[in-house]
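Below are the chains, spelled out letter by letter.
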Amino acid sequence: MEDLQQYKVIERDIIQTEFNGGYVSTTQAPSSGPILLLLINLLEGFNWTPASVSDPKTYHQMIEAFKFAFAHLGDLGDPTFNSTAVNNKLLQIISKEYANTLHSKIDNQSHPAEYYSAKYEPVENGGTTHISVVDADDLAVSLTTSVNLWFGAQIMTSSGIILNNSMADFSNPSLPSLYNLPPNPNNLLIAGKRPLSSMAPTIVSNKNKIMAIGASGGSRIISGVAEVIANVMLFDLNLTPAIDKPRLHHQLYPEFTECEDGVPEDVLSYLKSKGEDIQPYSKIFISIIQAVMKTSDKIYAHSDFRKGGKAAICAIRDYNIR
């Protein structure tokens, strides 16, 4: 109870990167916003056009970018603790210069996991919920919340609040390593510390549109949000097909690419020819995208069919509230 009584909300500045004539803005560590921005910078470097959406090579490049981005997930942690190391690493990760360095290592072939230089053991986390909102004044909100795994700690208070089990997201040196990597020293359990999360609530904006986007789905949040941003901003897809389009996922460990039903056979054949191990997409941990986008004269909204959601319009009346 003492921990709960001492808990305080921390407000941190957003982080952002320039992208396709605009900006992608998201949250700092201990969220995975920095990993998303690294991935966005890598994807921008391929100079894709709308025609690239049907080119199998595009998806090899995308998978390789996923691997390099996820290799850095273990570098982050709560910046309140060991702040100099965490903040210095964050600034490096989100820089264009660093993305260019990694980009030079992406070639025409898949490689063993060691090639991507992950330093620390990844921690798999679980479910979240997300809402994206935009209003008539171009104010946009991207909000992700979580109890972590299904029903969190499976404890409900007398007032009906389900307690989370987000402590499972800390790195644990007492557990055996699955990938022969040490635990992330920036994400070890300390009283008052916030664990590393895969959340990546995001706002994308340029002179023509503003989009609030985010997702649930553990580590697949990062790849899912990046794919939809690419679909909209680089491949020029409308919001609904951008979200409904079958997705790919690779988080470096384990060493295989997940694919949803509907990924074109020529894409899968090309990926296999480059050395990718293709596995069916997880039916439990899938990314569920929620996004809303406003252009100069229209608002588009779509809730991911993968979870049966629906977009909604809310008409606000000027009530005299006392």
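Everything numeric in this text was worked out from a predicted model, so none of it was measured.

About the cut-offs
- Residues numbered from 1 in each chain as written.
- Predicted model: local features only at pLDDT ≥ 70, side-chain atom pairs only at ≥ 80, totals over all residues.
- Heavy atoms only, no water.
- Pairing = 2+ DSSP bridges.
- Helix = DSSP H or I, 4+ residues; strand = E, 2+ residues; numbered from the N terminus.
- Buried < 20%, exposed > 50% of the residue type's maximum accessible area, 1.4 Å probe, protein only.
- Arc of directions from axis to C-beta.
- Contact = heavy atoms within 4.5 Å.
- Axes fitted to C-alpha atoms, helices over the stretch in contact; angles between N-to-C directions.
- Parallel < 35°, antiparallel > 145°, perpendicular 65-115°, else oblique.
- Left-handed = near helix turned anticlockwise from the far one by under 90°.
- Nonpolar A, V, L, I, M, F, W, Y, C, P; charged D, E, K, R; others polar.

Draft legend 1. Expanded view of the sheet that holds strand 7 (residues 248–249). Read from one edge to the other, the open sheet built from three strands follows the order 7-8-9, with strand pairing classed as mixed. In the strand order of this sheet, the two ends are held by strand 7 and strand 9 (278–280), each with one partner. Judged from the two bridges that link them, strand 7 and strand 8 (residues 257–259) form a sheet pairing that is antiparallel. For histidine 249, the partnering residue across the bridge sits in strand 8 and is glutamate 258.

Draft legend 2. Just helix 5 (residues 96–103), in detail. The complete set of buried residues in helix 5 reads Tyr98, Ala99, Leu102 and His103. Seen from one end, helix 5 has its buried residues packed into an arc of 145°, which puts them on one side. Opposite the buried face of helix 5, at more than 90 degrees from it, the exposed residues are Glu97 and Asn100. In this structure, the buried residues of helix 5 make contact with helix 2 (33–44), helix 3 (56–70) and helix 4 (83–93).

Draft legend 3. Structural detail: the packing of helix 2 against helix 6 (residues 220–233). Contact geometry of helix 2 with helix 6 gives a least axis separation of 10 Å together with a crossing angle of 40°. Taken as axis vectors, helix 2 and helix 6 run oblique relative to one another. When you trace helix 2 past helix 6, the crossing you get is right-handed. In this structure, helix 2 uses Ile35, Leu36, Leu39, Ile40 and Leu43 to contact helix 6, whose residues at the interface are Ile222, Ser223, Val225, Ala226, Ile229 and Ala230. For the contact of helix 2 with helix 6, the class distribution of residues is 10 nonpolar, one polar and no charged.

Spatial relationships are all this shows, so hold off on functional conclusions.
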